[in-house]
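Chain by chain, the residues run as shown.
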Amino acid sequence: MNQHRIILNRILAVCFIALSAIRVSAVDFNLPSPAVAGIYIEDIVTGEVLADINGSRSMIPASITKALTSASVLADRKPDFRFATEVFLSGPVKGGSVDGNLVIKVCGDPTLESSYFPDNTGFTDSIVSILTNMGISEIKGDIIINKKGFIDQSVPLGWVEEDLAHPYGAGHYATNYKDNKFTLTLPEKSTIPKIPNLKIKHTPSKGALKVERKRGSDIFLTKGGARRKQQELALANPSPQSTLLCELREAILNAGLSLGSQKIEDGCTPVISLYTHYSPELRDILRSLMFRSDNMMAEGALRLLAEGQSREKAVEHEMSIWELRGIDTESVNIEDGSGLSRRDRMTPYFMADMLGWMALHHNAMDYVNLFPKAGLEGTLKSLLADSSLAGELVLKSGSMKGVHCYAGYKIDQEGFPTHVVVIMINNFTCGRATVKKEIENLLRSIFAPHELL
């Protein structure tokens with residue numbers, strides 16, 4: 001009798017799960033108009049589709065674009081790749097004097113002196129230490145930044161100007177330094193780190209202090225009521241190269257070395273190699289940017305796909321990566337690596353196909369480990385925190401006005417992906433908390449239906 005009861009319970013459990021899957025696939029996503037949902041959830045092993053709502057609809061992905069960028073780079077590069085920034089002298093050393101320039105050959109490394117990689121800092125200190133250990137007391141030339149082979153395109157056209165003044169709108173350059181961010185203190189207008197020739201124009205008015213910067217400008221426009229006491233603003237550095245040059249020059253002079261101010265016309269070719277600075281490994285850079293949703297670092301990762309070429313060429317190569325793997329890119333439009341562009345578009349089907357391919361890639365675990373765990377980590381810490389699903393879903397989140405998205409996997413106890421999960425909500429006007437709650441209910445109904453009983 002007990003055996004029959006066990007068999008019956010198993011049959012009922014299977015039927016319940018099947019009915020749950022059918023119900024989820026058929027039910028509408030309950031958000032008020034004009035919200036549009038694009039949802040696709042599939043069992044990687046069996047191919048069973050657990051939810052498909054507007055899977056072919058082209059939608060704004062926001063920061064889940066970073067999951068695409070990271071996958072593209074891991075499909076194209078080894079996880080242990082490192083950016084290399086070379087430092088050399090362009091002339092010989094005679095009696096402690098360098099008859100040439102100090103040259104820094106940059107490569108677009110987005111992590112140079114990054115606060116997110118404290119074990120990898122000390123760039124300027126290393127240069128000064130090497131110079132003094134060599135007995136050098138004078139550099140007749142200047143400090144030169146060599147960015148040959150790198151096309152500077154600081155911010156994509158799809159980024160709106162209201163983003164450009166803020167840290168999340170920091171551009172990516174050939175020379176990146178200290179996360180391309182700075183702190184402005186008002187009313188003194190001082191900055192940390194220093195930014196030579198920075199201009200601040202303030203317009204007194206009622207209301208909270210606001211700041212903006214026009215595209216391509218180094219002028220910050222502030223407007224609002226200035227406080228009598230100090231007020232600090234975190235902003236995007238429009239000229240990280242100037243900051244690097246300023247700090248390195250100060251460090252050299254403070255060490256007692258003299259430095260010329262005129263570039264010596266010697267072609268800036270290497271004569272004496274001083275130092276090569278290596279970034280953290282690619283897997284660590286991608287994990288950091290995915291956990292924190294770092295736009296500048298995502299742009300740096302994208303540019304790896306077409307070294308020495310434009311962002312457009314990088315995107316072109318990115319699309320070719322997935323086309324060659326049989327994934328339909330017809331309804332996809334990508335303008336950046338971060339998803340901050342309002343012009344980015346992709347379908348849930350495309351994202352799911354890409355995720356499915358990466359789940360079978362030889363770098364699959366490197367990729368899966370880039371995603372924060374729901375309810376536990378990063379931008380996912382509050383999602384399903386009170387659910388049995390906490391730690392069982394690894395997702396990249398993406399949000400901007402009217403947009404809320406997730407993309408990633410459900411994983412098993414060993415951390416291997418079992419399902420692809422893509423949820424894209426566009427055009428909502430209700431509160432974001434309402435959207436998040438509906439998404440949590442959807443995920444519970446599929447993966448933990450007992451929590452809704």
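An account of the accompanying structure is given in this report. The structure displayed is predicted, hence computed values, not measured ones.

Rules of the game
- Residues numbered from 1 in each chain as written.
- Predicted model: local features only at pLDDT ≥ 70, side-chain atom pairs only at ≥ 80, totals over all residues.
- Heavy atoms only, no water.
- Patch = residues over 30% accessible without salt bridge, like charges linked within 9 Å, V, L, I, M, F, W, Y side chains within 5 Å.
- Areas by Shrake-Rupley, 256 points an atom, 1.4 Å probe, with all protein chains shown as cover.
- Salt bridge = Lys/Arg side-chain N within 4 Å of Asp/Glu carboxyl O.
- Lys, Arg positive; Asp, Glu negative; His and termini not counted.
- Charge placed at Lys NZ, Arg CZ, Asp CG, Glu CD.
- Helix = DSSP H or I, 4+ residues; strand = E, 2+ residues; numbered from the N terminus.
- Buried < 20%, exposed > 50% of the residue type's maximum accessible area, 1.4 Å probe, protein only.
- Expected span 1.5 Å × (residues − 1).
- Pairing = 2+ DSSP bridges.
- Axes fitted to C-alpha atoms, helices over the stretch in contact; angles between N-to-C directions.
- Contact = heavy atoms within 4.5 Å.
- Parallel < 35°, antiparallel > 145°, perpendicular 65-115°, else oblique.
- Left-handed = near helix turned anticlockwise from the far one by under 90°.

1. So, a negative patch on the surface
Phase 1 of the analysis: Together, Glu323, Asp328, Glu330 and Asp353 line one region of the surface with negative charge.
Phase 2 of the analysis: You can see glutamate 323 is positioned in helix 7 (residues 311-323).
Phase 3 of the analysis: Take glutamate 323: its relative accessible area is 45%, and that puts it in the partly exposed class.

2. Re helix 10 (residues 432-447)
Phase 1 of the analysis: For helix 10, spanning 16 residues, the distance from its first C-alpha to its last is 22 Å, which sits close to the expected 22 Å at 1.5 Å a residue.
Phase 2 of the analysis: Three or more residues of helix 10 are buried, namely Val435, Lys436, Glu438, Ile439, Glu440, Leu442, Leu443, Arg444, Ser445, Ile446 and Phe447.

3. Observations concerning the sheet that holds strand 19 (residues 417-426)
Phase 1 of the analysis: Pairing in this open sheet of five strands is antiparallel, and the strands run 2-1-19-18-17 from one edge to the other. Taken across any chain shown, the strands that pair with only one partner, and hence form the sheet edges, are strand 2 (49-53) and strand 17 (393-400). The mean angle between the axes of side-by-side strands here comes to 10 degrees, regardless of whether they run parallel or antiparallel.
Phase 2 of the analysis: Contacting strand 1 (36-43), strand 2, strand 18 (403-411) and strand 19, helix 8 (residues 348-359) runs over the sheet at an angle of about 155 degrees to strand 19.

4. So, helix 4 (residues 240-254)
Since one α-helical turn is 3.6 residues long, residues separated by three or four positions face the same way.
Phase 1 of the analysis: With 15 residues, helix 4 should reach 21 Å at 1.5 Å per residue; the first-to-last C-alpha distance of 21 Å fits that figure.
Phase 2 of the analysis: Of the residues making up helix 4, those classed as buried are Pro240, Thr243, Leu244, Cys246, Glu247, Leu248, Ala251 and Ile252.
Phase 3 of the analysis: Buried-residue contacts for helix 4 involve strand 6 (102-105), helix 3 (123-133) and strand 8 (143-146).
Phase 4 of the analysis: After helix 4 finishes, the residue glycine 256 shows a positive phi value of roughly 90 degrees.

5. Section: the packing of helix 2 (residues 65-76) against helix 8
How two helices pack is summed up by the angle between their axes together with the distance between the axes.
Phase 1 of the analysis: Between helix 2 and helix 8, the shortest axis-to-axis distance is 11 Å and the interhelical angle comes to 40 degrees. Classified by the interaxial angle, the pair formed by helix 2 and helix 8 is oblique. Crossing angle aside, the handedness with which helix 2 passes helix 8 is left-handed. Across the interface between the two elements, Ala67, Leu68, Ala71, Leu74 and Ala75 from helix 2 touch Phe350, Met351, Met354, Trp357 and Met358 from helix 8.

6. Here's the deal with unusual backbone geometry
Where the residue is not glycine, phi is negative for most of them; where a peptide bond is considered, it is trans in most cases.
Phase 1 of the analysis: Cis geometry is found at the peptide bond from leucine 186 to proline 187, where omega equals 5 degrees.
Phase 2 of the analysis: Inspection of the secondary structure puts proline 187 in the loop between strand 9 (181-186) and strand 10 (190-192).
Phase 3 of the analysis: Even without being a glycine, asparagine 180 presents a positive backbone phi close to 55 degrees.
Phase 4 of the analysis: Looking at the element boundaries, asparagine 180 is found in the loop between strand 8 and strand 9.

7. Topic: the pairing of strand 6
Phase 1 of the analysis: Bridging between strand 3 (residues 84-89) and strand 6 involves four bridges; their strand directions are antiparallel. Bridge pairing links glutamate 86 to lysine 105 in strand 6.
Phase 2 of the analysis: Relative to strand 8, strand 6 is paired through four bridges, and the arrangement is parallel. In the strand pairing of strand 8, lysine 105 is matched with asparagine 146.

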